[in-house]
Amino acid sequence: MNEKAMRKSRWQTVIFLLIIIVLTYLSSAITRFNFVEGMATIPEAIGWIFSNLMVTQESMDKLPKILEKLAETIFMSIAATTIAAVISLFLGLFGSKTTKVNNFLSVFARFIASVSRNIPVVAWSLVLLLSFGQNSVTGFLALFIGTVGFLTRAFIESIDEASQSSVEALTATGATYLQIVSKAVIPQCLPQILSWVLFMVETNIRNATLVGILTGTGIGYTFDVYYKMLNYNAVALVTLCIVITVIIVDLISNYVRKVIL
Amino acid sequence: MSLLKIEGLGKSYTADKQILKNVNFEIKAGEFVSIIGPSGAGKSTMLRCINRMVEFNEGKIIFNHQDVGSLNNKELRKLRTNIGMVFQHYNLVPRLTVIENVLHGRFGYKTTLQGVLGRYTEEEKERAFYLLEKLGIHEHAYKRCDQLSGGQQQRVGICRALIQEPKLILCDEPIASLDPSSSKVIMDHLKSISTEMGITCLVNLHQVEVAQHYSDHIIGLNKGEVVFRGEGSELSAEQIQKIYETNTKDLIIE
Ligand SMILES: Nc1ncnc2c1ncn2[C@@H]1O[C@H](COP(=O)(O)OP(=O)(O)OP(=O)(O)O)[C@@H](O)[C@H]1O
Ligand SMILES: [Mg+2]
């Protein structure tokens, strides 16, 4: 980099910072969000949390029911993720440059990936809510669709990156497509693929709570019910359970990741 | 009797640029032939036309009495079992073991199912170990390939090509990523493959001296055209200049 270019890039940084400051000011002006006032309410909010959101003996009675719903949510997330992973693996193979079967399927896979990924899970829940109503299928589908999009994209990249050279070599030996995929592409990409699936299980357990509130299923629904009944102690317990679950899942998947990579 | 005959070969990836132009040559069985030429001359493209990893547009390639251009998918697969390939970057599956990578060379002879299930006969396994021993890497047979040095990985690549029991081995810059001593080991192995096993070798090389030392014949390629064809000793400074379009003293020669 010569001096001129360096000076230019310094200027770019300054301009960039100025733009961010202006944008922040404008957006708070438009939304009438007052930073100082917002900060001032924090102590009060914390006070409220400590006085109301406490797990009491009474709310502990509800624990079995909460755990049951929690288990339902976890299993739904795992099911949605694993089924989506299987579908995404095929879409990933079709979408990857090195393992594509034909151009039509390749474009199709990439289309599915971008459509389902670029619409947030919450939006999918609301759309599906209209067509399927409030039941567990809706929640499942919302997670499933978002996951297919994300995993397909991730798998395409993993496959592209990991297998180009060995695919060329095996094609040159006269190997068939399925031989190449099963003996070169999959073994090479498996750690990344599993890692992405674990990541999605984690994400989906988190998302499932939110999706559950919208679609009336699982732990999210339980949360919603207690919340509307103003039973804040039970809400606190539900939240605590979710947090603990997410932490445990996180630990497990980190451990598994360490073992496979 | 020639094993490989190339007549009027032409190739272009895009309409505006012809990569190979009217290439003609013949290679006899058991010969060791090098292709030299500057970067972008079309050496890799040339090699890949022979086993149709790249589809050519004009001309004819006759390999082992077969017209390569006219083969359907099944026949092409059969043809490829007879042609081994060795790459600059080895192109192994890094996470798999050495022995698994060598056995990959047998896929062409198997049904899809046999390959997917990884069914290999005793003879195939014995042959794989025999080849690893021959190239001096049998003690690494159960190591993962990503734990091997470049030179060792290239020897695995050669084993994978040899277990195909090919008539011809195509090598695309097999020593371009290796240090001089590993390069010598690899070139010596390739040479002995052609002299002892009678397998024809067609090797893309960047080093003129290496080509002169090892080859029975050298083909000089420039901008997709054959500008030299002859024995290593016939390659004069003038001819090198014609191939590389620079003076010999401007070339780095090891
Ligand atoms: N898949 C492709 N699509 C379009 N053009 C290509 C493709 N592969 C190669 N080319 C072009 O063909 C020409 C010859 O490439 P090739 O790889 O055969 O040269 P090379 O002699 O092997 O060079 P190097 O010594 O650098 O490996 C180059 O100009 C390259 O840009
Ligand atoms: Mg090349």
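Residues numbered from 1 in each chain as written. Chains lettered and ligands numbered in written order. Predicted model: local features only at pLDDT ≥ 70, side-chain atom pairs only at ≥ 80, totals over all residues. Heavy atoms only, no water.

Student: Sorry, what's going on with the sheet that holds strand β9 (residues 217-222) of chain B here?
Tutor: Either a parallel or an antiparallel arrangement is found when strands of a sheet pair, and the pairing is made through backbone hydrogen bonds. Residue and element names in this part refer to chain B. With mixed pairing, the six strands of this open sheet are ordered in space as β6-β7-β8-β3-β9-β10. Each edge of the sheet is formed by a strand with only one pairing partner; in this case those strands are β6 (83-86) and β10 (225-230). In this sheet, adjacent strand axes meet at a mean angle of 20 degrees when their direction is disregarded. With five bridges connecting them, β9 and β10 associate as antiparallel partners. (Pairing = 2+ DSSP bridges. Helix = DSSP H or I, 4+ residues; strand = E, 2+ residues; numbered from the N terminus. Axes fitted to C-alpha atoms, helices over the stretch in contact; angles between N-to-C directions.)

Student: Looking at this model, I keep getting lost on the UniProt feature "transmembrane region" (unreviewed entry) in chain A. Mind explaining?
Tutor: Residues and elements named next belong to chain A. UniProt feature "transmembrane region" (unreviewed entry): in the numbering of this structure it lies at residues 74-95, 107-131, 137-156, 208-227 and 233-256. Across residues 137-156 one finds 100% helix and 0% strand; the C-alpha atoms that close the span lie 28 Å apart. Spanning residues 233-256, this segment combines 100% helix with 0% strand, and its end C-alpha atoms are found 35 Å apart. (UniProt positions renumbered as here; feature names shortened; annotations may be inferred.)

Student: Help me understand the domain arrangement of chain B in this model?
Tutor: Interfaces are frequently sized by the accessible area removed from exposure as the parts join. Residues and elements named next belong to chain B. What the domain assignment lists for chain B is domain 1 (1-82 + 168-176 + 198-254) and domain 2 (90-165). For domain 1 versus domain 2, the separation of C-alpha centres amounts to 27 Å. At the junction of the two partners, domain 1 supplies seven residues and domain 2 supplies nine residues. Roughly 620 Å² of surface becomes buried between domain 1 and domain 2 when both sides are summed, with 49% attributable to carbon and sulfur atoms. The largest per-residue losses of area from domain 1 upon contact with domain 2 belong to Arg77, Thr81 and Ile169, which jointly make up 67% of the total buried on that side. Here domain 1 and domain 2 share five residue pairs in polar contact (both at pLDDT 80 or more) between them. Its residues placed into classes, the side of domain 1 that touches domain 2 shows three nonpolar, two polar and two charged. (Domains from an automatic or database assignment. Contact = heavy atoms within 4.5 Å. Buried area = accessible area lost by both parts, 1.4 Å probe. Polar contact = N/O pair within 3.5 Å; in protein donor to acceptor, adjacent residues only side chain to side chain. Nonpolar A, V, L, I, M, F, W, Y, C, P; charged D, E, K, R; others polar.)

Student: Can you help me understand the side chain of Thr73(A) in this one?
Tutor: Residue and element names in this part refer to chain A. Of note, Thr73 is situated in helix α4 (residues 63-95). The buried category is assigned to Thr73, whose relative accessible area is 4%. Among the polar contacts listed, one links the side chain of Thr73 to the backbone oxygen of Lys69, at a separation of 2.9 Å. (Buried < 20%, exposed > 50% of the residue type's maximum accessible area, 1.4 Å probe, protein only.)

Student: Would you mind showing me how to read the packing of helix α8 (residues 177-215) of chain A against helix α10 (residues 232-260) of chain A here?
Tutor: A packed helix pair is summarised by two numbers, namely the angle formed by the two axes and the spacing between the axes. Residues and elements named next belong to chain A. Where α8 contacts α10, the two axes come as close as 10 Å, and the packing angle between them is 180 degrees. As summarised for this structure, α8 and α10 are arranged roughly antiparallel, according to the angle between their axes. Of the residues in α10, those touching α8 at Pro191, Leu194, Ser195, Leu198, Phe199, Glu202, Ile205, Arg206 and Thr209 are Ile242, Val246, Val249, Asp250, Ser253, Val256, Arg257 and Ile260. Counted by class, the contact of α8 with α10 contains ten nonpolar, three polar and four charged residues. (Parallel < 35°, antiparallel > 145°, perpendicular 65-115°, else oblique.)

Student: Looking at this structure, how should I read the sheet that holds strand β5 (residues 66-67) of chain B?
Tutor: Residue and element names in this part refer to chain B. Strands sit in the order β2-β1-β4-β5 across an open sheet of four strands; the sheet is antiparallel. For this open sheet the edge positions go to β2 (20-28) and β5, each flanked by a neighbour on one side alone. The pairing of strand β1 (residues 2-11) with strand β4 (residues 58-63) spans five bridges and is classified as antiparallel. What sits directly across from Lys5, in β4, is Ile62. Sheet strands touched by helix α1 (residues 43-50): β1, β2 and β4. Its angle to β1, the strand with the most contacts, is close to 120 degrees.

Student: When you look at the interface of chain B and chain A in this model, what are you seeing that I'm missing?
Tutor: At the junction of the two partners, chain B supplies 28 residues and chain A supplies 20 residues. Taking both sides of the interface into account, the surface hidden between chain B and chain A amounts to around 2000 Å²; carbon and sulfur atoms contribute 60%. The largest per-residue losses of area from chain B upon contact with chain A belong to Asn91(B), Arg95(B) and Phe107(B), which jointly make up 27% of the total buried on that side. Applying the counting rule to chain B against chain A returns one salt bridge. (Salt bridge = Lys/Arg side-chain N within 4 Å of Asp/Glu carboxyl O.)

Student: Explanation requested: the confidence of the model for chain A in the structure shown.
Tutor: Any segment with low pLDDT has predicted coordinates that should not be analysed in fine detail. Scored by pLDDT, chain A has a mean of 88; 99% of the residues are at 70 or more. No element of chain A has a lower mean pLDDT than helix α3 (residues 57-60) of chain A, at 77, and none a higher one than α4(A), at 93. (pLDDT = per-residue confidence, 0-100.)

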